[in-house]
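# Secondary and tertiary structure notes
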Amino acid sequence: MTDSRGRVTKDGIRIYEQSDFAGMHKAGRLAAQLLDELIPMVVPGVTTGELDKYITDRVVQEGAVSATIGYKGYKHATCISVNHVVCHGIPAEKRLKNGDIVNIDITVIVDGWFGDTSRMYVAGKLGRKAERLIDITHESLMRGIAMVKPGNTFGDIRHAIQSYAESQRTSVVRDFCGHGLGRVFHAPPNVLHYGRAGTGAVLEEGMIFTIEPMINLGRPETKVLADDWTAVTRDKSLSAQFEHSIGVTADGCEIFTLSPAGKFHPTYG
Ligand code: MF3
Ligand code: CO
Ligand code: CO
């Protein structure tokens, strides 16, 4: 889909109107609400396919559209990435077991606007190392978001994420990134999660994009499995990810995908 209205920066980044933010807010809120609904369902014994089926049905019930069903041949309403799966895990018949950590990523389209968010869940009892990784990953995203205001650069966001994650002796995945979105799923810029402060495009009011750091307990390298989707850590170390869709405002940013239940982080909200 194209969007011909408004202005595009020299870096190819679309500038949206404040009135467009209402559309993003509605789409983001539905995606976040659906993630909230999954919280009690992520338990040992459930299959990731069952979780996906629930979301497929709920998206239709809400009169929304899944952005991922049919996207580049992908067939599901969610990506569900367990333990050492970094992202793009395909829902399947495998059952979750006690202690599994799970990222669930949903993108919905509401009135043409895309809401894209993911967060971590745990099936059963959360292990100590996994808890630490989840905390660091969540904090990395929030430190990135804290840099979002007009006049700062994408490098400031990237540096905030990388410097924190590495200070905690974890690593930032290089092979996947956040992205502009709005009336399209993936648009400029690529929002990488590592880099130098002060570099890159300058943030302007009206920009809309995701930040979605993937952080590993071990090394940052990934590989994609034979299914052409599932990305895993090469060293099999645990990986975590959180994602928000946000818009730049006059003095900071609006997070479109805040959890209506206040439960974005699996242990402390
Ligand atoms: N939601 C993912 C993102 O954050 C993209 C998933 S594409 C899919 O950009 F096809 F794998 F679903
Ligand atoms: Co996503
Ligand atoms: Co995304």
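Scroll up to find the structure.
Keep in mind that this is a model prediction, so the values were computed, not measured.

### Some details on the coordination of the cobalt ion (ligand 2)
Taken together, the protein ligands of the cobalt ion (ligand 2) are Asp105 (OD), Asp105 (OD), Asp116 (OD) and Glu243 (OE), with distances of 2.1 to 2.3 Å. Coordination at the cobalt ion (ligand 2) is irregular: its six donor atoms span angles of 59 to 168° at the metal. A separation of 3.3 Å is found between the cobalt ion (ligand 2) and the cobalt ion (ligand 3), which share Asp116 as a coordinating residue. Taken together, the residues span a long stretch of sequence, with Asp116 in strand 7 (residues 113–122) and Glu243 in the loop between strand 15 (239–241) and strand 16 (244–248) at a distance of 127 residues. Residue classification places Glu243 among the buried residues on the basis of a relative accessible area of 0%.

### A closer look at the sheet that holds strand 12 (residues 214–216)
Taken together, the three strands give an open sheet; going across it, the order is 8-12-15, and neighbouring strands pair in antiparallel fashion. Each of the sheet's edge strands pairs with one partner strand only, and the pair in question is strand 8 (171–172) and strand 15. In this structure, strand 8 lies alongside strand 12, joined through two bridges in antiparallel fashion. Bridge pairing in strand 12 places Ser171 opposite Asn216. Strands strand 12 and strand 15 of the sheet are contacted by helix 3 (residues 128–146), whose axis makes an angle of about 35° with strand 15.

### Looking at the coordination of the cobalt ion (ligand 3)
Here the cobalt ion (ligand 3) is held by Asp116 (OD), His179 (NE2), Glu212 (OE) and Glu243 (OE), and the distances to it run 2.0 to 2.2 Å. Coordination at the cobalt ion (ligand 3) comes from six donor atoms whose angles at the metal span 51 to 160°, giving a geometry best classed as irregular. Along the chain, the residues that donate to the cobalt ion (ligand 3) are spaced as D-x62-H-x32-E-x30-E. Taking the relative accessible area as the measure of exposure, Asp116 reaches 3% and is therefore buried. Look at Glu212 and you get buried, because its relative accessible area is 7%.

### Brief notes about the sheet that holds strand 13 (residues 222–224)
Strands sit in the order 5-14-13 across an open sheet of three strands; the sheet is antiparallel. Bordering the open sheet on either side are strand 5 (85–87) and strand 13, each of which pairs with just one other strand. Strand-to-strand, the axes of this sheet are offset by a mean angle of 40°, without reference to chain direction. Two strands pair when backbone bridges link them, and strand 5 and strand 14 (residues 231–233) are joined in this way by two bridges, in the antiparallel orientation. Considered in strand 14, the bridge of Cys87 is made with Ala231.

### So, the pattern of salt bridges
Inspection of every chain in the model, using the stated rule, returns eleven salt bridges. Two residues, Asp36 and Arg119, come together in a salt bridge whose shortest N-O distance is 2.7 Å. With Asp36 in helix 1 (residues 18–38) and Arg119 in strand 7, this pair connects stretches of sequence that are 83 residues apart. Given the relative accessible area of 10%, Asp36 is considered buried. Ionic pairing is found between Glu62 and Arg58, a salt bridge with its closest N-O pair at 2.8 Å. Look at Glu62 and you get partly exposed, because its relative accessible area is 38%. For Arg58, a relative accessible area of 10% puts it in the buried group. Put simply, Glu37, Arg58 and Glu62 are held in one network by salt bridges that share partners.

### With respect to the state of the cysteines
The tally for this structure, following the rule as stated, stands at zero disulfides. The cysteine Cys79 is free of any disulfide, with Cys87 supplying the nearest cysteine sulfur at 7.6 Å. Cys87 provides the cysteine sulfur closest to Cys177, a residue in no disulfide bond, and the two sulfurs are 10 Å apart. With a relative accessible area of 25%, Cys177 lands in the partly exposed category.

### With respect to the nonpolar core
One finds Leu51, Leu96, Val102, Ile104 and Val108 to be the most contacted residues of the largest nonpolar core, which totals 34 residues. Elements with a minimum of two residues in this core: helix 1, helix 2 (48–61), strand 4 (78–82), strand 6 (101–110) and strand 7. Examining the composition of this core, we find that eight residues originate from one element, helix 1, more than from any other. Once residues lying within four places of it in the same chain are set aside, the contact partners of Leu96 are Val42, Val43, Pro44, Gly45, Val46, Thr48, Leu51, Val82, Val102 and Ala123. By size, the runner-up hydrophobic cluster in this structure holds 30 residues, among which are Ile13, Ile145, Ile211 and Ala240.

Definitions and limits used
Residues numbered from 1 in each chain as written. Chains lettered and ligands numbered in written order. Predicted model: local features only at pLDDT ≥ 70, side-chain atom pairs only at ≥ 80, totals over all residues. Heavy atoms only, no water. Donors = N, O, S within 2.8 Å, 3.2 Å for Na, K, Ca; no water. Tetrahedral: all angles 85-135°; square planar, octahedral: opposite > 155°, others 65-115°. Helix = DSSP H or I, 4+ residues; strand = E, 2+ residues; numbered from the N terminus. Buried < 20%, exposed > 50% of the residue type's maximum accessible area, 1.4 Å probe, protein only. Pairing = 2+ DSSP bridges. Contact = heavy atoms within 4.5 Å. Axes fitted to C-alpha atoms, helices over the stretch in contact; angles between N-to-C directions. Salt bridge = Lys/Arg side-chain N within 4 Å of Asp/Glu carboxyl O. Disulfide = S-S within 2.5 Å. Core = buried A, V, L, I, M, F, W, Y, C linked by side-chain atoms within 4.5 Å.

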